[in-house]
Amino acid sequence: MTLIAAYKQDGLAVLIGDVTLTNSAKGDNYRSVRKKIYKISENFAIGWAGSPLVAKIVISDLRKMFSNEVVTKSSLENFFKSYDPDDFGSLHTNFIGWVIDDESYCFRWNCLYTQEVFYDSCFFDGSGEEYFESLKKQLQSWEGGGGVWKDKGLTLVAQEQALLSVINDVAYARFDESLYSKTWDRSFGISYDILAFIDGRFRYVRSIAYIGWDYFWDSRKGTGRLEQAPVIVKHNCMVEHSIIQETLSGKHFDGRYSNYLSRPVYDDMPEANLSNFPFILDSDYFANYFLFRENGKVIFKILLTVQLIKSDGPLRIKQHRNGAYYLTYDTDTLDQIYRKHIA
């Protein structure tokens, strides 16, 4: 599923873009692809869906024109209108994103219709457009892109809370696709880059670890047994590129891991050496997905927490005497959830 999305979460302007990789459930290995979203300057972020050839031209030109500059709504419009539709032939590509000027403007620009920039409360694009918009409506309320940013008065704490909700959204989509990947198209979004306008500038979410858990309920004992799923996927955003890591965890860990590179569309990065990038269990955020099982059947599934590791929460990283790290989760919380569900 290919997806780029620009919207506001509880007043926070965000831009997300998938990292689409070939579906290994059908016998293929993951392959590296191009990043979909970019921070061009402190107040300007953009994503693309369509032809990578068009994206390479436009993103490269944007970087030359606006890198580290304050971008205005009018200067952005003038930039887009400088192109002629014939510049791109028949290669269709949409660009969506945010420019924070006197207001926070959510925009869409079509390379085949160069003379107009469209503005709306939010924009979604890619094959996952309908899925993600529906997901947002299911999970929680959200708002569009209109309104003056400076009048929102969001505290830094409120912005961080809104960001947790955004990570919750992409984590839900990521687990949903991985669990049902056999029924999706041949590619799926194993992870997502996230840009958020926090504390006056666009910032990337640097790392997210996606962790699956199985909770086996024992009705005779009135409690359950927790097992960590075999695979951990970790997303590492390195600003201009991202590295997605996959490893076995817990009792399945064999000391090996795989690194996959998501390159910028304007650079092949031939010098990138993924062998020098180690897998570290620590992460900025942890997304925990649970399957509650009883008598061999999955009773229900839930994305329970997206947690900052430094915050007080049910997930804990511990260390064996041999130096290896492992994860634990407070099962009292899980017991309460299951009892409430079956009641």
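Residues numbered from 1 in each chain as written. Predicted model: local features only at pLDDT ≥ 70, side-chain atom pairs only at ≥ 80, totals over all residues. Heavy atoms only, no water.

### Remarks on the nonpolar core
The nonpolar side chains of a soluble globular protein tend to be buried with one another. Our working rule: The criterion is simple. A nonpolar core is a set of buried Ala, Val, Leu, Ile, Met, Phe, Trp, Tyr and Cys residues joined through side-chain atoms within 4.5 Å. Think of it in three bands: residues with accessible area under 20% of the maximum for their type are buried, residues over 50% are exposed, and the middle band is partly exposed, with areas taken using a 1.4 Å probe on protein chains only. Should any heavy atoms of two residues lie within 4.5 Å, those residues are considered in contact.
Of all hydrophobic cores here, the largest spans 43 residues; its most connected members are Phe44, Ile46, Val58, Leu62, Phe95 and Trp109. Contact partners of Leu62, with chain neighbours within four places excluded, come to Ile40, Phe44, Ile46, Ser67, Leu76 and Phe79. Ranked by size, the runner-up nonpolar core spans 38 residues in total, among them Leu3, Leu163, Val170 and Val306.

### A look at the sheet that holds strand S3 (residues 37-41)
How we decide: Here, strands pair whenever DSSP counts at least two bridges between them. Each helix is a run of DSSP H or I of at least 4 residues and each strand a run of E of at least 2, with the numbering of both proceeding from the N terminus. To define axes, lines are fitted to C-alpha atoms, for helices over the stretch in contact only, and angles between the resulting N-to-C directions are given on a 0 to 180 degree scale.
One open sheet holds the five strands; their spatial order is S3-S4-S5-S6-S7, and the pairing between them is antiparallel. Across the chains shown, the open sheet's two edge strands, defined by having one partner strand only, are S3 and strand S7 (113-119). Shown here is a sheet whose adjacent strand axes are inclined to one another by a mean of 25 degrees, direction ignored. Bridge analysis of strand S5 (residues 93-100) against strand S6 (residues 104-110) gives seven bridges, and the strand direction is antiparallel. Note on S6: the bridge partner recorded for Val99 is Tyr105. Sitting on the sheet, helix H1 (residues 52-66) touches S3, strand S4 (44-50), S5 and S6, and the angle it makes with S4 is about 165 degrees.

### Examining unusual backbone geometry
Residues other than glycine seldom take positive phi values, yet Asp10 does so here, at roughly 50 degrees. Considering the arrangement of structural elements, one finds Asp10 in the loop between strand S1 (4-9) and strand S2 (12-22). Notably, Asp199 is not glycine yet its phi reads approximately 55 degrees, a positive angle. In this fold, Asp199 is placed in the loop between strand S9 (187-198) and strand S10 (201-204).

### Things to note about the confidence of the model for the protein chain
The test is simple: A residue's pLDDT is the predictor's confidence in that residue, given on a scale from 0 to 100.
Scored by pLDDT, the protein chain has a mean of 82; 82% of the residues are at 70 or more. Every residue in residues 22-29 scores below 50 in pLDDT, and together they form 22 contacts with partners more than four places removed in sequence or on other chains.

### Structural notes on the packing of aromatic side chains
Put simply, the test is: Between the rings of Phe, Tyr and Trp (Trp by its six-membered ring), a pair exists once the centres lie within 6.5 Å; its type follows the angle of the planes, with under 30 degrees stacked, over 60 edge-to-face, and the other angles tilted. Geometrically, a lysine NZ or arginine CZ counts as sitting over a ring once it is within 6 Å of the ring centre and also within 35 degrees of the ring normal.
Per the stated rule, a full pass over the model turns up 26 aromatic pairs. Ring centres of Tyr83 and Trp109 lie 5.7 Å apart, and the angle between their planes is 35 degrees; this geometry places the pair in the tilted category. Residue Tyr83 is found in the loop between helix H2 (73-81) and S5, and its partner Trp109 is found in strand S6; the two are separated by 26 residues along the sequence. Trp109 shares its class with Tyr83; the two are buried. Note on Phe290 and Phe292: the rings are 6.2 Å apart at their centroids and 35 degrees apart in plane angle, and the pair reads as tilted. Judged by its relative accessible area of 0%, Phe292 is buried. An aromatic cluster is defined as three or more aromatic residues linked by ring pairs; in this entry it consists of Phe44, Phe66, Phe79, Phe80, Tyr83, Phe88, Phe95, Phe107 and Trp109. Residue placement shows Arg63 over the ring face of Tyr266; its charged tip is 4.1 Å from the ring centre. Of note, Arg174 hangs over the ring of Tyr210, and the distance from its end group to the ring centre comes to 5.3 Å.

### Observations regarding H2
Because each turn of an α-helix spans 3.6 residues, side chains separated by three or four positions end up pointing in the same direction. Our working definition: Directions are taken from the helix axis to each C-beta atom, and the arc is the one they span.
Buried within H2 are the following residues: Leu76, Glu77, Phe79 and Phe80. Buried residues of H2 fall within an arc of 160 degrees about the axis and therefore sit on the same side. Contact partners of the buried residues in H2: S4, H1, S5, S6 and S7.

### With respect to the packing of H1 against H2
For clarity, the cut-off: In this scheme, roughly parallel covers angles under 35 degrees and roughly antiparallel covers those over 145, while 65 to 115 is roughly perpendicular and the rest are oblique. Left-handed describes a crossing whose near helix is turned anticlockwise from the far helix through less than a right angle; right-handed describes the clockwise counterpart. Three categories are distinguished: nonpolar for Ala, Val, Leu, Ile, Met, Phe, Trp, Tyr, Cys and Pro, charged for Asp, Glu, Lys and Arg, and polar for the others, with Gly belonging to the last.
Between H1 and H2, the least distance of the axes is 12 Å, while the angle of their chain directions is 135 degrees. Taken together, the axes of H1 and H2 are oblique relative to one another. The hand of the H1/H2 crossing is right-handed. The residues of H2 that touch H1, namely those facing Val58, Asp61, Leu62, Met65 and Phe66, are Ser75, Leu76 and Phe79. The residue inventory of the contact of H1 with H2, partitioned by class, reads six nonpolar, one polar and one charged.

### What to know about the environment of Ile16
With respect to the element layout, Ile16 can be found in strand S2. Given the relative accessible area of 0%, Ile16 is considered buried. In this structure Ile16 touches Leu3, Ile4, Ala5, Ile37, Phe132, Val166, Val170, Asp193 and Ile194, once residues within four positions along its chain are discounted.

### Some details on the environment of Val117
Residue placement: Val117 occurs in strand S7. A sequence separation of 44 residues divides Val117 from Lys73, and the C-alpha atoms of the two residues are 9.9 Å apart. Beyond its immediate stretch of four places on either side in the chain, Val117 contacts Glu77, Phe80, Phe107, Arg108 and Trp109.

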